[in-house]
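Letter by letter, the chains look like this.
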Amino acid sequence: MESQTSTMFKKCQPEKGLGVFVSAFSSGQFLWLISAEAAFAREDIRTNAVFEIGELFELGIQLSYLLLLLGLLGVGTFFVVRQVLVRRELDLSAKELQEQVRSGDASAMEYFELGAVMLRRKFYPAATKFLLQAIDKWDGDDQDLAQVYNALGVSYVRDDKLDKGITQFETAVKLQPGYVTAWNNLGDAYEKKKEYKSALKAFEEVLLFDPNNKLARPRRDALKERVEMYKGVPVKSKNR
């Protein structure tokens, strides 16, 4: 009997070991599945995080473009409004001065101011007319008269009458030798006429009175090179 029981016990032991092995395998499989699910969850979280960062980055770029566009629109609006206000102010000034001229009580200075307003409004024939009247009626200082001649020269040059413009600038610097603005305008007019030596001389005169003049210095340097380049070569220009 004991022998049969022992035999049965021995037969049952392998089955118990197999059960333990199966149980351990199932537990391992279960743990692997849990680990895999956790890994997938972490990967999903990482993917979502990357996606959210990408969305935020794209949103930041869009906001930057929007702010830049608003800034440009703001600057553009500012300049448009400013031009409108300046134009309105010029129109009001021109209206008041023209009333003075029509009344016959306008002084030489008022003719000059009206000519300057017309010059800013780019009505060059009208500007020339009033500036010439200012010169005819002038009874003040010759150095102040130089400003009228300079403005008249600008009006002629902008109206494509270079020779007449040059004459006015030359008169202005004779009346006021240290008139840097007129010297610069004279140099610019000579350069447009391709009389480079005369233009160079005008800009050198500017630098005698104002050595750090930011307009004349680079123009003088460029003209020096051009004059050297054309040395000995006749340069065609219109006779005054």
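Criteria and cut-off values
- Residues numbered from 1 in each chain as written.
- Predicted model: local features only at pLDDT ≥ 70, side-chain atom pairs only at ≥ 80, totals over all residues.
- Heavy atoms only, no water.
- Helix = DSSP H or I, 4+ residues; strand = E, 2+ residues; numbered from the N terminus.
- Buried < 20%, exposed > 50% of the residue type's maximum accessible area, 1.4 Å probe, protein only.
- Contact = heavy atoms within 4.5 Å.
- Areas by Shrake-Rupley, 256 points an atom, 1.4 Å probe, with all protein chains shown as cover.
- Axes fitted to C-alpha atoms, helices over the stretch in contact; angles between N-to-C directions.
- Parallel < 35°, antiparallel > 145°, perpendicular 65-115°, else oblique.
- Left-handed = near helix turned anticlockwise from the far one by under 90°.
- UniProt positions renumbered as here; feature names shortened; annotations may be inferred.
- Salt bridge = Lys/Arg side-chain N within 4 Å of Asp/Glu carboxyl O.

Going by an unreviewed UniProt entry, the protein chain carries the name Tetratricopeptide repeat domain-containing protein PYG7, chloroplastic and comes from Momordica charantia.

Q: Describe the overall build of the protein chain, with residues and values.
A: Looking only at helices and strands, the protein chain features 8 helices and 0 strands. Shown N-terminal to C-terminal, the secondary structure of the protein chain runs as helices and strands in the order α-α-α-α-α-α-α-α. Across the 240 residues that make up the protein chain, the buried fraction comes to 27%. For the protein chain, the proportion of contacts with a sequence separation of at least 24, taken over those separated by at least 6, is 49%. Accessible surface, the protein chain: about 17300 Å² in total, of which carbon and sulfur atoms supply 59%.

Q: Can you tell me about the packing of helix α5 (residues 162-175) against helix α6 (residues 180-192), naming the residues and giving the values?
A: Contact pair α5 / α6: the axes reach a minimum separation of 9 Å and the direction vectors enclose 155°. The pairing of α5 with α6 is recorded here as roughly antiparallel in orientation. Taken as a pair, α5 and α6 cross one another with a handedness that is left-handed. Each of Leu162, Ile166, Phe169, Glu170, Ala172 and Val173 in α5 lies in contact with α6, whose residues at this interface are Ala182, Trp183, Asn185, Leu186, Ala189, Tyr190 and Lys192.

Q: How would you summarise the UniProt feature "repeat: TPR" (unreviewed entry) in the protein chain if you had to cite specific residues and measurements?
A: UniProt feature "repeat: TPR" (unreviewed entry): in the numbering of this structure it lies at residues 146-179 and 180-213. The annotated region residues 146-179 carries 79% helix and 0% strand content, and the separation between its end C-alpha atoms amounts to 8 Å.

Q: Tell me what's going on with the side chain of Asn184, and back it up with residues and numbers.
A: With respect to the secondary-structure elements, Asn184 resides in helix α6. Looking at Asn184, the relative accessible area reads 8%, which means it is buried. Ignoring any residue separated from it by four or fewer positions in sequence, one finds Asn184 in contact with Phe203, Val206, Asn213, Leu215 and Ala216.

Q: Report on the pattern of salt bridges, specifying residues and quantitative values.
A: Taken as a whole, this structure holds 7 salt bridges when the rule is applied. Across the pair Arg219 and Asp188 runs a salt bridge whose closest N-O atoms are separated by 2.8 Å. Highlighted residues: Arg219 in helix α8 (residues 216-229) and Asp188 in helix α6, separated in sequence by 31 residues. Under the relative-accessibility criterion, Asp188 is labelled partly exposed at 23%.

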